Amino acid sequence: MTLQKVIRALKGVIIAPTCPICGRRLTPQESFVCLDCQLAAPYTHLWQSRDNAMEQRFWGIVPIERAAAFLWFTEGSKWREIIHEFKYHSHWFLAEQSAEWFASELLRTDFLEGIDLIVPVPLHWHRRLSRGYNQSEYIAAGISHKTKIPYTFNAVKRIVDNPPQAGAKFLDRWQNIDNIFTVARPEALEGRHILLVDDVFTSGATLTTLSNAILTACKENVKISVATIAATRHLIEK
């Protein structure tokens, strides 16, 4: 167990956990988010259907088996704040807990059928050093913990520290991501059905580029699916 997880466990014993959305103390039967907030969460429900709006974003660009986001990422939402907390403010455990919750919903459908490896979108070493962690790795770990599907953190690498995508215009997002990934261990991915995971789906540029890098590097048949914690509604429904 890492030092971070030890500290988190001790806090859970000393300080009663509260819902990150409404602030109410959680009951022993509740996990991460209280039942009322779970019922009111802005679910996308994209994982419940094939050929959904997110999957259509990849059509004609890169072959994707399945794609889904868990929640809508909207301005002024408490749910949006949770993602900002785990992405920028060291609250990594929120990423892991969100992912476990998402995974429990995925397990109710056939979305994970055939997937045998989880791969998080990597950060460049410079950005990882400044942030201290990669939130997508905690998302991968959370989904893995719930589903028992293994993950790997070192098969793909980000070799270009491209400008942050947050706030970039749609076309700029695609121009920012040319040749930014390399596959360090293609043998770990060949012949697998891979689930690529990330925090927020906006244009799909990053996930498309990573998928293409994997498909180009691997000699044997590789299948790719995509799962993110959130998605911007206006681009998905465009």
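Draft legend 1. View of the packing of aromatic side chains. For the coordinates displayed, the defined rule picks out 13 aromatic pairs. Ring centres of Y43 and F70 lie 5.6 Å apart, and the angle between their planes is 50°; this geometry places the pair in the tilted category. Highlighted residues: Y43 in the loop between helix 2 (35–40) and helix 3 (53–56) and F70 in strand 1 (residues 67–72), separated in sequence by 27 residues. As far as burial versus exposure is concerned, Y43 and F70 are alike and both buried. The interplanar angle of 65° and the centroid separation of 6.2 Å between the aromatic rings of Y133 and Y138 together place this pair among those described as edge-to-face. Take Y133: its relative accessible area is 4%, and that puts it in the buried class.

Draft legend 2. Up close: the pairing of strand 2 (residues 117–120). Side chains L117 and V119 project from strand 2 onto one buried face, and the interleaved I118 and P120 project onto a second face that is buried too. In this structure, strand 2 lies alongside strand 5 (residues 193–201), joined through four bridges in parallel fashion. Along strand 5, the bridge assignment pairs V119 with L196.

Parameters at a glance
Residues numbered from 1 in each chain as written. Predicted model: local features only at pLDDT ≥ 70, side-chain atom pairs only at ≥ 80, totals over all residues. Heavy atoms only, no water. Phe/Tyr/Trp six-rings, centres within 6.5 Å; stacked < 30°, edge-to-face > 60°. Helix = DSSP H or I, 4+ residues; strand = E, 2+ residues; numbered from the N terminus. Buried < 20%, exposed > 50% of the residue type's maximum accessible area, 1.4 Å probe, protein only. Pairing = 2+ DSSP bridges.

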